[in-house]
Amino acid sequence: MGFETFLGNTKAVEAMRAMVARGRVPGSLLFAGPEGVGKKTLALMFAKAMNCERLAAQGNFCGECTRCRKADEMLVATREDLARRRESKDSQRRTDGLVYFDLQLIEPITRFILIEQIRQLRAVAYTRPFEFPRRVFIVDEAQAIHWQAIDLLLKVLEEPPETTTLILVCPNAHELRPTIRSRCRLIAFHPVEDSQIADLLTQEGRVPKAQRPLAARVAAGSVAKAKTFDATEFERRRRPWLAFLDAVASPREAAHAPDWKALFDSTKALAEDRDAFEETLRIGYSLLRDLMAMLEGGAEMAVMNVDIRSRLKVWSGKLGLRGIETLKDGLDQAYRLQVRNVNQQLGFDTLAVELLSASPAPAAGE
Ligand SMILES: [Zn+2]
């Protein structure tokens, strides 16, 4: 237990620990940085450390004392409460009877964090905490605070409550108004180092060893993605792309007609899973970037699909720059069709035909 268990973003952790150890905690903090690096986790650890009965003076928390355990319970309760409110069809009932604990997670109930939520925050922030020496309000997805509530929040930031620390959490500080931003102490988060992600995957042992380099690349600095990476699922989604690339890249060498059946089978598979189509497209784009990196040579570090390097090399050589660009146009088109909810297979079939009828691939490196 304790801050030692937090992975990556050492500077942010050190800053938190120093504040707690000195007993000087700002009224408002802004945690900004990419998804999945543990911003909320660290906010929670910070809240525990400020209130821990045993280790606060050392700038840490034990995870075992009454208050540390209480903090976990409060978090569970606020999450359950949020889930219930989100399910409610009645807009009035969504915000009825809001009760804030000494540790409270405030998240969007609808697409927004509503004015009632910020009103409650303000009403409670200036009162004495019930169970903790210091109250912590974590406002997650602060960029989603409804415009009607911004001025109200600003008032709290302008007159920092003595008993409450506000932690605003968002992916990008610049999505917040400068007036909000400037009143918070900024804690910047960064993607976690590849080596640390690799260590995590080794420790966990959940992903088979052979797939760990791939998992680390897919995670792209996100601890959350590394922890949830499902090799089987990933390969299932990627398989049709590989078949597609095999089909469009192969006839250039062999002088015979393309295997139309294989080609249309693969495009059918790509279009089938409508709900997950965005994820499927994302994998398609990752392959596209990899092909480009291969073509440019020397950019192997940038390749995401590390487990199929040799195949990428073959495809990129056969497709050439022009083929890869056609592929990109096709993906962009598929993306636009997806947004408009149009039949996908049509798009992929057109793309396949286009790729196959294109003039012979220019030599790699052109
Ligand atoms: Zn404790």
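Positions within a chain are numbered from 1, following the residues in the order the chain's sequence is written. This being a predicted model, a pLDDT of at least 70 is required before a residue's local features are given, and a value of 80 or more before pairs of side-chain atoms are given or counted; all residues contribute to the totals for chains, interfaces and linings. Just so you know, side-chain values use all the structure's heavy atoms and leave hydrogens and water out.

A. Representation of the confidence of the model for the protein chain. Residue-level confidence of the predictor, termed pLDDT, takes values from 0 up to 100. Taken over all residues, the pLDDT of the protein chain has a mean of 88, while the share at 70 or more is 91%. Across residues 359-366, confidence stays below pLDDT 50; counting only partners more than four residues off in sequence or on other chains, it has 17 contacts. By definition, residues are in contact when any of their heavy atoms lie within 4.5 Å.

B. Expanded view of the environment of leucine 103. Helix and strand assignments follow DSSP, with helices taken as H or I runs no shorter than four residues and strands as E runs no shorter than two, numbered in order from the N terminus. Counting through the fold element by element, leucine 103 comes out in strand 2 (residues 103-106). Once you skip the residues sitting within four places of it in the chain, leucine 103 turns out to touch Leu44, Ala47, Ala71, Met74, Leu75, Thr78, Phe132, Val136 and Ile138.

C. Quick look at the side chain of arginine 238. Residue position: arginine 238 is located in helix 11 (residues 231-249). Classification of arginine 238 as buried rests on a relative accessible area of 3%. Pairs of N or O atoms are called polar contacts if they sit within 3.5 Å, as long as, within protein, a hydrogen donor faces a hydrogen acceptor (for residues adjacent in sequence, only side-chain-to-side-chain pairs). A polar contact is formed between the side chain of arginine 238 and the side chain of asparagine 305, at a distance of 3.0 Å. If we skip the residues at most four places from it in the chain, arginine 238 touches Leu214, Ile283, Leu287, Asn305, Asp307 and Ile308. Each residue gets one of three labels from its accessible area relative to the maximum for its type: buried under 20%, exposed over 50%, partly exposed in between, using a 1.4 Å probe on protein chains only.

D. Up close: the coordination of the zinc ion. Note: metal donors comprise N, O and S atoms at 2.8 Å or less from the metal (3.2 Å for Na, K and Ca); water molecules are not included, so apparent gaps in a site are possible. At the metal site, the zinc ion is ligated by Cys52 (SG), Cys62 (SG), Cys65 (SG) and Cys68 (SG), and these contacts range over 2.3 to 2.4 Å. Angle rules define the geometry names used: all angles between 85 and 135 degrees makes four donors tetrahedral, while opposite donors over 155 degrees apart and all other angles between 65 and 115 make four donors square planar and six octahedral, leaving every other case irregular. Here the zinc ion binds 4 donor atoms, and the angle range of 102 to 117 degrees at the metal identifies the geometry as tetrahedral. Donor residues for the zinc ion sit on one chain with the sequence pattern C-x9-C-x2-C-x2-C. For the residue pair cysteine 62 and cysteine 68, the accessibility class agrees, reading buried in each case.

E. Local environment of the packing of aromatic side chains. Aromatic rings from Phe, Tyr and Trp, with only the six-membered ring used for Trp, were paired whenever their centres fell within 6.5 Å, and each pair was classed as stacked if the ring planes differed by under 30 degrees, edge-to-face if by over 60, and tilted otherwise. What the rule picks out here adds up to 5 aromatic pairs. Their ring planes at 85 degrees and their centres at 5.4 Å tell us that phenylalanine 3 and phenylalanine 61 sit as a pair that is edge-to-face. Note that phenylalanine 3 is positioned in the segment before helix 1 (10-22) and phenylalanine 61 in the loop between helix 2 (39-51) and helix 3 (66-87), a separation of 58 residues in sequence. For the ring pair phenylalanine 31 and phenylalanine 189, a centre distance of 5.2 Å and an interplane angle of 45 degrees mean the geometry is tilted. With phenylalanine 31 in strand 1 (residues 28-32) and phenylalanine 189 in the loop between strand 5 (185-188) and helix 8 (194-204), the pair connects residues that are 158 residues apart, well separated along the chain. Phenylalanine 31 gets classed as buried once you look at its relative accessible area, which sits at 0%.

F. Broad picture of the nonpolar core. Residues belong to a common nonpolar core when they are buried Ala, Val, Leu, Ile, Met, Phe, Trp, Tyr or Cys residues joined through side-chain atoms within 4.5 Å. Ranked by internal contacts, the top residues of the largest apolar core, which has 83 residues, are Met16, Phe31, Leu42, Leu103 and Ile187. For this core, the leading source of residues is helix 13 (residues 277-296), giving 9 residues. Here methionine 16 is in contact with Phe3, Leu29, Phe31, Leu42, Phe46 and Ile187, once residues within four sequence places are set aside. With 29 residues, the next largest nonpolar core counts Tyr100, Ile113, Val124 and Leu152 among its residues.

G. Here's a closer look at the side chain of aspartate 140. Tracing the chain through its elements places aspartate 140 in the loop between strand 3 (135-139) and helix 6 (147-158). Residue aspartate 140 is classed as buried on the basis of its relative accessible area, which comes to 8%. In this structure the side chain of aspartate 140 is engaged in a polar contact, spanning 3.0 Å, whose partner is the side chain of lysine 40. Sequence-distant contacts of aspartate 140, that is, excluding residues within four places in its chain, are made with Lys40, Leu105, Ile106, Glu107, Pro108, Ile113 and Val169.

H. The packing of helix 5 (residues 115-125) against helix 6, seen in detail. To obtain each axis, a line is fitted to C-alpha atoms, and for helices this fit is confined to the stretch in contact; angles are then taken between N-to-C directions over 0 to 180 degrees. Contact pair helix 5 / helix 6: the axes reach a minimum separation of 9 Å and the direction vectors enclose 15 degrees. One finds that helix 5 runs roughly parallel with respect to helix 6. The hand of the helix 5/helix 6 crossing is left-handed. Contacts between helix 5 and helix 6 pair Ile115, Ile118, Arg119, Leu121 and Arg122 from the former with Gln148, Ala149, Leu152, Leu153, Lys155 and Val156 from the latter. Roughly parallel refers to an angle under 35 degrees, roughly antiparallel to one over 145, roughly perpendicular to one between 65 and 115, and oblique to any angle outside these ranges. Handedness of each helix crossing follows the sense of rotation of the near helix against the far helix: counterclockwise by less than a right angle gives left-handed, clockwise gives right-handed.

I. Just the packing of helix 11 against helix 13, in detail. Viewed as axis vectors pointing N to C, helix 11 and helix 13 meet at an angle of 55 degrees, and their least axial separation amounts to 10 Å. In terms of orientation, helix 11 and helix 13 fall into the oblique class. Crossing of helix 11 over helix 13 shows right-handed handedness. Taking contact as the criterion, the partners of Phe234, Arg237, Arg238, Trp241, Leu242 and Leu245 in helix 11 are, on helix 13, Glu279, Thr280, Leu281, Ile283, Gly284, Leu287 and Leu291. Side-chain classes are defined by residue name, with Ala, Val, Leu, Ile, Met, Phe, Trp, Tyr, Cys and Pro counting as nonpolar, Asp, Glu, Lys and Arg as charged, and the others, Gly among them, as polar. In the contact of helix 11 with helix 13, the residues fall into 8 nonpolar, 2 polar and 3 charged.

J. Here's a closer look at the pairing of strand 2. Judged by which residues are buried, strand 2 turns out to be covered on both faces: Leu103 and Leu105 on one side and Gln104 and Ile106 on the other are all buried. Paired strands, in this sense, are two strands between which DSSP finds at least two bridges. With 4 bridges joining them, strand 2 and strand 3 adopt parallel strand pairing. Bridge pairing links glutamine 104 to phenylalanine 137 in strand 3.

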